[in-house]
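# Descriptive analysis of the structure
What follows is the residue order along each chain.
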Amino acid sequence: MTSQTGIIRSFNSADNNGLITCDLGGDIRFDASSVNGGLPVSGSLVEFIMDDSSNKLQAIKIRLI
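First, a word on scope: everything that follows refers to the structure included in this document.

What counts, and where the lines are drawn
- Residues numbered from 1 in each chain as written.
- Predicted model: local features only at pLDDT ≥ 70, side-chain atom pairs only at ≥ 80, totals over all residues.
- Heavy atoms only, no water.
- Buried < 20%, exposed > 50% of the residue type's maximum accessible area, 1.4 Å probe, protein only.
- Helix = DSSP H or I, 4+ residues; strand = E, 2+ residues; numbered from the N terminus.
- Pairing = 2+ DSSP bridges.
- Salt bridge = Lys/Arg side-chain N within 4 Å of Asp/Glu carboxyl O.
- Core = buried A, V, L, I, M, F, W, Y, C linked by side-chain atoms within 4.5 Å.
- Contact = heavy atoms within 4.5 Å.

## Thoughts on the pairing of strand β3 (residues 27-31)
Only one face of β3 is covered, namely the face carrying I28 and F30; the face carrying D27, R29 and D31 is uncovered. Bridge count for strand β2 (residues 17-22) against β3 is 5 bridges, and the pairing is antiparallel. Looking at the pairing, I20 lines up with I28 of β3. Between the end of β2 and the start of β3, which pair antiparallel, lie 4 residues, with G25 showing a positive phi angle near 105 degrees. Bridging between β3 and strand β6 (residues 58-64) involves 2 bridges; their strand directions are parallel.

## Structural notes on the pattern of salt bridges
What the rule picks out here adds up to 2 salt bridges. Here D27 ties to R9 by a salt bridge, and the two come within 2.8 Å at their closest N and O atoms. Taken together, the residues span a long stretch of sequence, with D27 in strand β3 and R9 in strand β1 (residues 3-12) at a distance of 18 residues. What makes D27 partly exposed here is its relative accessible area of 38%. Among the salt bridges present, the one from E47 reaches R63, with a minimum N-O distance of 2.7 Å. Residue E47 is found in strand β5 (residues 45-51), and its partner R63 is found in strand β6; the two are separated by 16 residues along the sequence.

## Section: the nonpolar core
The biggest cluster of nonpolar side chains holds 10 residues, and these are I8, I20, C22, I28, F30, V35, V46, F48, A59 and I62. Where this core is concerned, the elements lending two or more residues are β2, β3, β5 and β6. Ignoring any residue separated from it by four or fewer positions in sequence, one finds I20 in contact with G6, I7, I8, R9, G26, D27, I28, F30, V46, F48, A59 and I62.

Shape descriptors only; they carry no functional weight alone.
Next comes the structure, spelled out in structure tokens:
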């Protein structure tokens, strides 16, 4: 698993998940419990790891930068 960067495109605080637009292209889902360093806000720059170990691709170990 390699670290990637992107921008939080959207975040729904009601169900605690959102989308990150990857710098390499495409969107990836995330859960707010995976964010270190504060609450996710649309437009924030983040560094994360893509996890494809389950049936769904998702961002984990998200760090605001």
